[in-house]
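This is what each chain is made of:
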Amino acid sequence: DGGITQSPKYLFRKEGQNVTLSCEQNLNHDAMYWYRQDPGQGLRLIYYSQIVNDFQKGDIAEGYSVSREKKESFPLTVTSAQKNPTAFYLCASSIEVGVRAFFGQGTRLTVV
Amino acid sequence: SQQGEEDPQALSIQEGENATMNCSYKTSINNLQWYRQNSGRGLVHLILIRSNEREKHSGRLRVTLDTSKKSSSLLITASRAADTASYFCATDYNNAGNMLTFGGGTRLMVKP
């Protein structure tokens, strides 16, 4: 069953801790993306990757880091430098950058 | 920097009525896409329109694109309660050179 999977669905983090959100796809897509969504708002691009071992900063990359060591995986680390990390995080993939994207179901991160 | 900006931010209609949402963007694009998001879920792709197309249909959806005005509209005809969701436009580029960026969305409520 092809698709894009984010885990966990809910994540709680203590202030000052780093936390990593998982995103895996088995669609054989080259491009992957991470977005942040705040309540009632649109999606803001954090990082995107056009191909394995390559990624670019989006509009709000500060306080976040990513890696793309495998085509299938694009994990996002929310570091302690991100001052307001509580949000809904969405991962997406597409066969190439800028075309139809498939989204995961999201991870809701809460800082406690 | 947001690329697409949807208008209106919120729309409430009765079942059976048509719903029109608009999107404006800032830079030259190759394509524009519309997505739907049910509350707390990932986004689902609805339709992609290329820069050399002026209108596209998919079932009850009609999308127009005016590249001279840098705007697009999404029309949902004969709306149903199940159409209640947020709708987002996305462009393949934004003015920062970042790819697949979204607007703030239109929250549509269809009353039965």
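In case you missed it, the structure is sitting above this.
Source: prediction; values computed, not measured. (Residues numbered from 1 in each chain as written. Chains lettered and ligands numbered in written order. Predicted model: local features only at pLDDT ≥ 70, side-chain atom pairs only at ≥ 80, totals over all residues. Heavy atoms only, no water.)

A. Up close: the pairing of strand E6 (residues 55-58) of chain B. Residues and elements named next belong to chain B. The sheet contact formed by E6 and strand E7 (residues 61-66) spans four bridges and is antiparallel. Along E7, the bridge assignment pairs Glu55 with Thr64. Hairpin connection of E6 to E7: two residues between the antiparallel strands, including Gly59 at a positive phi of 60°. (Pairing = 2+ DSSP bridges. Helix = DSSP H or I, 4+ residues; strand = E, 2+ residues; numbered from the N terminus.)

B. Just unusual backbone geometry, in detail. Residues and elements named next belong to chain A. Residues Ser7 and Pro8 are joined by a peptide bond in cis, for which omega reads -10°. For Pro8, the location among the structural elements is in the loop between strand E1 (4-7) and strand E2 (10-13). Unlike most non-glycine residues, Asn53 shows phi in positive territory, near 65°. Considering the arrangement of structural elements, one finds Asn53 in the loop between strand E5 (43-51) and strand E6 (54-57). Here Asn53 falls in the exposed class, since its relative accessible area comes to 63%. (Buried < 20%, exposed > 50% of the residue type's maximum accessible area, 1.4 Å probe, protein only.)

C. Fine view of the layout of surface pockets. Residue and element names in this part refer to chain B. The calculated volume of the largest pocket comes to roughly 350 Å³. Lining the largest pocket are 19 residues; nearest its centre among them are Gln37, Asn38, Ser39, Gly40 and Ser86. Among the elements of the structure, strand E9 (85-93) and strand E11 (106-111) are those that each provide at least two residues to the lining of the largest pocket. Its residues assigned to classes, the lining of the largest pocket shows seven nonpolar, nine polar and three charged. (1 Å grid on protein atoms, 1.4 Å probe; cavity = no way out; pocket = protein on both sides within 12 Å on 5 of 7 lines; lining within 4 Å. Points joined across faces, edges and corners; volume = space filled by probe spheres on them. Nonpolar A, V, L, I, M, F, W, Y, C, P; charged D, E, K, R; others polar.)

D. Inspection of the interface of chain A and chain B at higher detail. Each side of the interface is counted separately: chain A has 25 residues, and chain B has 25 residues. In this assembly, chain A and chain B are joined by zero salt bridges. In this assembly, chain A and chain B are joined by eight residue pairs in polar contact (both at pLDDT 80 or more). Going through the elements one at a time, strand E4 (31-37), E5 and strand E9 (87-94) of chain A are the ones with two or more residues in the side of chain A that touches chain B. Its residues assigned to classes, the side of chain A that touches chain B comprises 11 nonpolar, nine polar and five charged. (Contact = heavy atoms within 4.5 Å. Salt bridge = Lys/Arg side-chain N within 4 Å of Asp/Glu carboxyl O. Polar contact = N/O pair within 3.5 Å; in protein donor to acceptor, adjacent residues only side chain to side chain.)

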